Amino acid sequence: MRKERLDSELGLLMFIFLISSYMFVDAIAFPSEAAFFPLLTSSIVLVFTSILILSNIFPEYFESYIDNTSSLTVSTETQTTNSDHQENIPDNESTFNQEQFSVSELYNSNPIFLVLATIGYSGLIYPLGFYIASPIFAFVYGVKYHLSRGQLIAITCLAFILPYIIGTYLGVNLWTGVMFE
Amino acid sequence: MIEAINLLLDVNLLVIILVGFFAGLVLGAIPGLGSIVGVAIAVPLTIFFEPHYALLLLVAIYEGGVYGSSITAILMNVPGNVGAAATTFDGYPMTRSGKAVDAITIGGIASGLGGALMAVSAILLVPLFSQIVLMFHLVDYFLIAFLGITLIARISEGSLLKGIMIGIFGFLITTIGMAETVGYQRYTFDSILLFDGLNYIAILLALFAITEMIKLSLGQESIAEEIGSLSGNRRRGFRTLAEDKILFIKSTLIGAGAGLVPGSGPALGSFLSYSEAVRSASDPDSFGEGNPKGLIAAESANTSAIVGALIPTITFGVPGSGVTAVILAALISHGITPGPVALTEHRSIIIAFFLVLIFTSFLIVILSQTVVPHLGRIATIDVNVIIPMVIVATFIGTYSIRTNWIDLITLIIFGILGFYMVKNDFSIIAFVLGVVLGPIVETYYLRSITLSDNVFQLLTQGPVTPILFLVVLFFLFEPLIRGLYNTMGTR
């Protein structure tokens, strides 16, 4: 599990490093006023990601040089909670930590399906538009998770009505798809 | 003040606030959702509203969400979000011991009065905030944004380096598109889709709606089970709260103080006041077994922290929590830049913010005595019904902002990126702050540099600037220096 975490962290850091490197190199050619902010921020990001990447690859050496003990929320929680209290605490406000990713969750296919379905949904929007793609997405999602017939009908209808409500309410012409243009 | 009251004397607005509050209440009661998803989805849907309609609706959703998460915390031991986790410690044991009605009464009144008390204090302090912000120069706001990111990185879980790096990466992302101050296209690949850059509301929705749904999909069933009939005594609950007035006031102040800390939000407030209640109690062993004092401490701090979190958001543009980061984005998108502009030109809207909090706080008190005991079953909703609806609403809302396809691609990329950020303890709030404040920070810097001959003159403009600069340097490099110092000490 530790290895899997490190792999995903390293992947994320490498992604940020590559993006920042490109932005740094590209910014050199900008006029000075336009270049200052991207150069400043990309160089800070590059320095920090380099340290973090190295600390991922050589944790024994780097962990002693980087003090990570800063989390006030962690320390207070530790003081005030016990194992019983922690049982059912879902996380929000983006503060959940590695303990919440158990081994089984790391190999959970649900997030993968959700991401693929979402990509599929966005892919369908172009040819079919929001009015058709949305109920298809909701229906497929509902079928995959064996929702009851009532729930399936409800979410499909809601996903069909939602674009109408929001489009009419906001006065926005939602995309109707190349097939129906 | 009169102008703020006049703003609220609008039937349509009151209806919107009520709808927002109840929507927040329902979303807050659903474990894993919380007010943040509600507020995030509402931002694009309210982009065409009058600013005060949009912003007051968001505040109402926020307050409703915070209280909604407490209901299921008390009745089912399932807090809607981490801010209500401390409520479960004594709230749920009270329910189990047949005092559910007592707990709901105590929780509702402590929560409502705590929020109202701090909102009144905030209204009284608005003139003082206005005076304080006028002491700051443009370059100070540039430094405050950096300081905000370092402070958020300190409060959030994970390493400081990660927090600071991801916050500044947020700044970097905002340089994509036309640099308006200098009229130059950056990183657009000559594509018209990228001409206006990445939309920060699309990024917010990706991080707070898509990422949250991916997280929610990890646990596929409804977390809570149906609750049975409730027992207890409302009058006894009220009496218990009246006997602990000092604890209530102390916890309210702790909550508001903790809310002021960037990135902390109601979670830190409720945990801190709960620990203080345990520390100062004559019977600390009874906490965690249904001691009403624990519930009073957690709940009064929970809502007062909302007020605390809004203050740095409005005055300096440094959000006190994830939800206030979204509210900050909404403020900016409606042309209300935090700082002097917000507190002088839009003072009536800012006061109306706090008036709405007073109004919704009293709603909490009333609802806790009437319908709330029946709302616990919201937590039993199957998450698979919610996930596709949130995704569809997010896509439509995002597309509506500027009908740009790049925003839908942004949703997917940053939704996945956000999931890995959270999984590896990178502070999403720091990243959001970077994304929201990036363009403003760059403008502040460019404007202030044109007013100064050199960097030294820039940093010695007034008494605040050099101090802020040193504080930013300290917080930025302190983890490295401390690490090096510790390593040298052990050798």
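Bear in mind the structure is a predicted one, so any value in this text is a computation, not a measurement. (Residues numbered from 1 in each chain as written. Chains lettered and ligands numbered in written order. Predicted model: local features only at pLDDT ≥ 70, side-chain atom pairs only at ≥ 80, totals over all residues. Heavy atoms only, no water.)

### Details of the overall build of chain B
Per the secondary structure count, chain B includes 21 helices and two strands. Each of the three principal axes of chain B carries a C-alpha extent, and together these read 70 × 60 × 50 Å. Counting only residues that meet the buried cut, chain B has 68% of its 491 residues in that class. For chain B, the proportion of contacts with a sequence separation of at least 24, taken over those separated by at least 6, is 80%. Carbon and sulfur atoms make up 65% of the accessible area of chain B, which totals about 16000 Å². Charged side chains in chain B number 21 positive and 29 negative. The centres of these two groups are separated by 8 Å. (Helix = DSSP H or I, 4+ residues; strand = E, 2+ residues; numbered from the N terminus. Buried < 20%, exposed > 50% of the residue type's maximum accessible area, 1.4 Å probe, protein only. Contact = heavy atoms within 4.5 Å. Areas by Shrake-Rupley, 256 points an atom, 1.4 Å probe, with all protein chains shown as cover. Lys, Arg positive; Asp, Glu negative; His and termini not counted. Charge placed at Lys NZ, Arg CZ, Asp CG, Glu CD.)

### Structural notes on the overall build of chain A
The number of helices and strands found in chain A is nine helices and zero strands. In chain A, the order of α-helices and β-strands from amino to carboxyl end is α-α-α-α-α-α-α-α-α. Summed over its atoms, the accessible surface of chain A is roughly 9300 Å², and 67% of this surface lies on carbon and sulfur atoms.

### Section: unusual backbone geometry
For His-146 of chain A, which is not a glycine, the phi torsion comes out positive at approximately 50 degrees. Of note, His-146 of chain A is situated in the loop between α8 (130–144) and α9 (149–170). Overall, the relative accessible area of 70% leaves His-146 of chain A in the exposed class. Residue Tyr-187 of chain B is not a glycine yet carries a positive backbone phi of 55 degrees. Tracing the backbone through its elements, the reader meets Tyr-187 of chain B in the loop between β2 (184–186) and α9 (200–218). Owing to a relative accessible area of 5%, Tyr-187 of chain B belongs among the buried residues under this scheme.

### So, the pattern of salt bridges
All names here are of chain B. In this structure the tally under the stated criterion is eight salt bridges over all chains. Where Arg-186 meets Glu-442, a salt bridge forms, and the shortest distance between an N and an O atom there is 2.8 Å. With Arg-186 in strand β2 and Glu-442 in helix α19 (residues 428–450), the pair connects residues that are 256 residues apart, well separated along the chain. Residue Arg-279 pairs with Glu-276 through a salt bridge whose shortest N-O separation is 2.9 Å. You can see Arg-279 and its partner Glu-276 sitting in helix α12 (residues 265–280), three residues apart, about one turn around the helix. Residue Glu-276 is classed as buried on the basis of its relative accessible area, which comes to 18%. In this structure, a network of salt bridges that share partners links the residues Lys-250, Glu-276 and Arg-279. (Salt bridge = Lys/Arg side-chain N within 4 Å of Asp/Glu carboxyl O.)

### Details of the packing of aromatic side chains
Applying the stated criterion across every chain, the model contains 25 aromatic pairs over all chains. Counting every residue linked through ring pairs, the aromatic cluster contains Phe-113, Tyr-121, Phe-137, Tyr-141 and Tyr-145 of chain A together with Phe-395 of chain B. A cation over a ring is seen here: Lys-144 of chain A above Tyr-145 of chain A, with NZ or CZ 5.7 Å from the ring centre. The lysine or arginine in question, Lys-162 of chain B, covers the ring of Phe-426 of chain B, its NZ or CZ lying 5.1 Å from the ring centre. (Phe/Tyr/Trp six-rings, centres within 6.5 Å; stacked < 30°, edge-to-face > 60°. Lys NZ or Arg CZ within 6 Å of the ring centre and 35° of its normal.)

### Digging into the packing of α8 of chain A against α9 of chain A
Residues and elements named next belong to chain A. Axis separation between α8 and α9 bottoms out at 8 Å; the angle between their running directions is 160 degrees. Taken together, the axes of α8 and α9 are roughly antiparallel relative to one another. With respect to the hand of their crossing, α8 and α9 are arranged in right-handed fashion. Residue-level inspection shows Phe-130, Tyr-131, Ser-134, Pro-135, Ala-138, Phe-139, Gly-142 and Val-143 of α8 in contact with α9, the latter providing Leu-152, Ile-155, Thr-156, Ala-159, Phe-160, Pro-163 and Tyr-164. Of the residues that constitute the contact of α8 with α9, the class distribution is 12 nonpolar, three polar and no charged. (Axes fitted to C-alpha atoms, helices over the stretch in contact; angles between N-to-C directions. Parallel < 35°, antiparallel > 145°, perpendicular 65-115°, else oblique. Left-handed = near helix turned anticlockwise from the far one by under 90°. Nonpolar A, V, L, I, M, F, W, Y, C, P; charged D, E, K, R; others polar.)

### Things to note about the nonpolar core
Tyr-121 and Phe-130 of chain A together with Met-165, Phe-353, Phe-354, Phe-395 and Phe-431 of chain B are the most contacted members of the largest nonpolar core, which totals 215 residues. With 16 residues, helix α4 (residues 51–76) of chain B is the largest single contributor of residues to this core. Non-local contacts of Phe-354 of chain B, meaning those with residues more than four positions away in its chain, are made with Ala-119, Ala-122, Ile-123, Val-126, Val-307, Leu-310, Ile-311 and Ile-314 of chain B. (Core = buried A, V, L, I, M, F, W, Y, C linked by side-chain atoms within 4.5 Å.)

### Here's the deal with helix α16 (residues 347–368) of chain B
Residues lying three or four places apart along an α-helix face the same way, a consequence of the helix completing one turn every 3.6 residues. Look at α16 of chain B: 32 Å from first C-alpha to last across 22 residues, which is about the 32 Å you get at 1.5 Å a residue. Summarising burial for α16 of chain B: 18 of the 22 residues are buried, a large majority. (Expected span 1.5 Å × (residues − 1).)

### Overview of the environment of Ile-16 of chain A
Mapped onto the fold, Ile-16 of chain A is located in helix α1 (residues 2–27). Taking the C-alpha atoms as reference, Ile-16 of chain A lies 8.2 Å from Val-45 of chain A; in sequence the two are 29 residues apart. In this structure, Ile-16 of chain A is in contact with Val-45 and Thr-49 of chain A together with Met-165, Ile-166 and Phe-169 of chain B, ignoring residues within four places of it in sequence.

### Side note on the packing of α9 of chain B against helix α18 (residues 405–423) of chain B
Residue and element names in this part refer to chain B. Contact geometry for α9 and α18: axes closest at 7 Å, N-to-C directions at 55 degrees. When the interaxial angle is binned, α9 and α18 end up oblique. As for how α9 packs across α18, the hand of that crossing is right-handed. Side by side, α9 and α18 meet where Ala-202, Ile-203, Leu-205, Ala-206, Leu-207, Ile-210, Thr-211, Ile-214, Lys-215 and Leu-218 of the first sit next to Asp-407, Thr-410, Leu-411, Phe-414, Gly-415, Ile-416, Gly-418, Phe-419 and Val-422 of the second. Here the contact of α9 with α18 is built from residues that sort into 13 nonpolar, four polar and two charged.

### Regarding the environment of Tyr-62 of chain B
Residues and elements named next belong to chain B. Tracing the backbone through its elements, the reader meets Tyr-62 in helix α4. For Tyr-62, a relative accessible area of 0% corresponds to the buried category. For the pair Tyr-62 and Ile-132, spaced 70 residues apart in sequence, the C-alpha to C-alpha distance is 27 Å. Not counting residues up to four positions away in its chain, the partners in contact with Tyr-62 are Ser-35, Val-39, Pro-266, Ile-306, Ala-309, Ser-321, Val-323, Thr-324 and Ile-327.

### Side note on the side chain of Glu-299 of chain B
Residue and element names in this part refer to chain B. Relative to the assigned elements, Glu-299 resides in helix α13 (residues 292–316). Within the structure, the side chain of Glu-299 is placed 2.7 Å from the side chain of Thr-87, a separation counted as a polar contact. Setting aside residues no more than four positions away along its own chain, Glu-299 makes contact with Tyr-67, Ser-70, Thr-87, Gly-107, Ala-110 and Ser-111. (Polar contact = N/O pair within 3.5 Å; in protein donor to acceptor, adjacent residues only side chain to side chain.)

### Some words on a nonpolar patch on the surface
Residues and elements named next belong to chain A. Together, Tyr-126, Ile-132, Ile-136, Phe-139, Val-140, Val-143, Val-178, Met-179 and Phe-180 give the surface a local cluster of nonpolar side chains, amounting to about 800 Å² of exposed area. The biggest single contributor to the nonpolar patch is α8, with five residues. Along the chain, Val-178 falls in the segment after α9. Here Val-178 falls in the partly exposed class, since its relative accessible area comes to 39%. (Patch = residues over 30% accessible without salt bridge, like charges linked within 9 Å, V, L, I, M, F, W, Y side chains within 5 Å.)

### Some remarks on the side chain of Thr-324 of chain B
The residue Thr-324 of chain B is located in helix α14 (residues 322–333) in this model. For Thr-324 of chain B, the residues in contact, after removing those within four places along its chain, are Tyr-62, Ala-309, Leu-310, Thr-313 and Pro-319 of chain B.

### Focus on helix α7 (residues 110–128) of chain A
In a regular helix each residue adds 1.5 Å, so 19 residues correspond to 27 Å; α7 of chain A covers 25 Å between its end C-alpha atoms and thus fits that length. Within α7 of chain A, the full set of buried residues consists of Asn-110, Pro-111, Leu-114, Val-115, Ala-117, Thr-118, Tyr-121, Ser-122, Ile-125 and Leu-128 of chain A. Buried positions along α7 of chain A lie against α8 of chain A together with α9, α17 (383–402) and α18 of chain B. After α7 of chain A finishes, the residue Gly-129 of chain A shows a positive phi value of roughly 85 degrees.

### A word on the confidence of the model for chain B
With 91% of its residues at a pLDDT of at least 70, chain B reaches an overall mean of 82. We note a pTM of 0.79 for the whole complex and an ipTM of 0.80 for its interfaces. (pLDDT = per-residue confidence, 0-100.)

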